[in-house]
Structure formats: structure tokens, C-alpha cells
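Summary of structural features
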Amino acid sequence: QVQLVESGGGLVQPGGSLRLSCAASGSIFSINVMGWYRQAPGKQRELVATVTSGGSTNYAESVKGRFTISRDNAKNTVSLQMNNLEPEDTAAYYCNAVGLLGNWRRFDAWGQGTQVTVSS
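Below you will find a few notes about this structure. (Residues numbered from 1 in each chain as written. Predicted model: local features only at pLDDT ≥ 70, side-chain atom pairs only at ≥ 80, totals over all residues. Heavy atoms only, no water.)

**Here's the deal with the overall build of the protein**
Across its full length, the protein holds zero helices and eleven strands. For 120 residues, the compact-globule formula gives about 14 Å, and the C-alpha radius of gyration of the protein, at 14 Å, lands near that figure. In terms of overall dimensions, the protein has C-alpha extents of about 50 × 25 × 20 Å along its principal axes. Looking at the protein residue by residue over its 120 residues, the buried ones come to 42%. Looking at the protein as shown, the accessible area adds up to about 6300 Å², and 47% of this sits on carbon and sulfur atoms. Distance from the positive charge centre (10 side chains) to the negative charge centre (8 side chains) of the protein: 7 Å. (Helix = DSSP H or I, 4+ residues; strand = E, 2+ residues; numbered from the N terminus. Rg over C-alpha atoms; globule rule 2.2 N^0.38 Å. Buried < 20%, exposed > 50% of the residue type's maximum accessible area, 1.4 Å probe, protein only. Areas by Shrake-Rupley, 256 points an atom, 1.4 Å probe, with all protein chains shown as cover. Lys, Arg positive; Asp, Glu negative; His and termini not counted. Charge placed at Lys NZ, Arg CZ, Asp CG, Glu CD.)

**Let's talk about the nonpolar core**
Grouped burial of nonpolar side chains is what soluble globular proteins tend to show. In terms of nonpolar packing, the biggest core is built from 33 residues, with W36, L80, M82 and Y93 touching the most fellow members. Per-element accounting of this core gives the leading share, five residues, to strand β9 (residues 91-101). (Core = buried A, V, L, I, M, F, W, Y, C linked by side-chain atoms within 4.5 Å.)

**Let's talk about the state of the cysteines**
Under the counting rule described, the total for this entry stands at one disulfide. Residue C22 pairs covalently with C95 via a disulfide, S to S 2.1 Å. Disulfide C22-C95: torsion about the S-S bond near -85°, hence left-handed. In this pair, C22 is assigned in strand β3 (residues 18-26) and C95 in strand β9, connecting sequence segments 73 residues apart. C95 sits in the buried class, given a relative accessible area of 0%. (Disulfide = S-S within 2.5 Å.)

**So, the environment of A40**
Here A40 is to be found in the loop between β4 (28-39) and β5 (46-52). The buried category is assigned to A40, whose relative accessible area is 19%. Considered as a pair, A40 and Q81 are 41 residues apart in the sequence and their alpha carbons are 19 Å apart. Discounting chain neighbours no more than four positions away, the residues touching A40 are T90 and A91. (Contact = heavy atoms within 4.5 Å.)

**Things to note about the packing of aromatic side chains**
Within the structure shown, the criterion is met by two aromatic pairs. Taken together, a centroid distance of 4.7 Å and an interplanar angle of 35° make the contact between F29 and W104 tilted. Of this pair, F29 sits in strand β4 while W104 sits in the loop between β9 and β10 (106-110); the two residues are 75 residues apart in sequence, bridging distant segments of the chain. Given a relative accessible area of 59%, W104 falls into the exposed group. Where Y37 meets W110, the ring centres are 5.0 Å apart and the plane angle is 65°; that geometry is what we call edge-to-face. (Phe/Tyr/Trp six-rings, centres within 6.5 Å; stacked < 30°, edge-to-face > 60°.)

Below you can see the structure in the form of C-alpha cells.
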């Protein structure tokens, strides 16, 4: 009932930048939290950054000062600006949204993932 479509992944050299975007659609009444998670091969999925509808943000320690999350509440979109990328940032990045459907039921939706590879 809620679809998340991500874009913006790719291959970048260390020190480079990428911008990920995610658009939510469906029978959405409201979205409380939108965020990005990542999963590297052989590792568990981990939080990268989240942002509430009020604009409060939360970042993993490893990305603080390098990544910036932002959202457009009117468009149900969230973006992740990633600067000074490191090889350790290589992973599949997943968009997440938590909120209420039009029938007031809670949803917790995930995107299909977009690959970010940092390598020289």
C-alpha cells in the first residue's frame, strides 16, 4: 500500500559525493519518520540517518559531519547528501518510512535498495 522508490546510487571515488533520493507513494495519511539504512555484505542492516516530520534528525556516528538528511513533507520525499565518501560507506542503501495510512493503520515501508560503491 506504500511504495518507496530510491534513486541516486552508483560508483564514486573516495572523497567523492553522491545524493540519494526516495519518494513515497500510496494511501498515505502522514509520515512520521523517514530515513536511510544500509547493509554491507556479511553485515547487519544499520541506521544511517533519520528525520522526523518536524525536522529532527538522527545520524550514525560514522556519518556525522559527512552526510546530511533532508525531507520534503509536502512531496513525501527524503534525500541523503553524502560527502567525503569512504570505502567503508560501500553498501546497499535502503529508504524507510513509518507513518499512517489513509485508514489510520500504521505502516513501516522499505524501498528496494540502491547500491553505493566507494572505490578507486
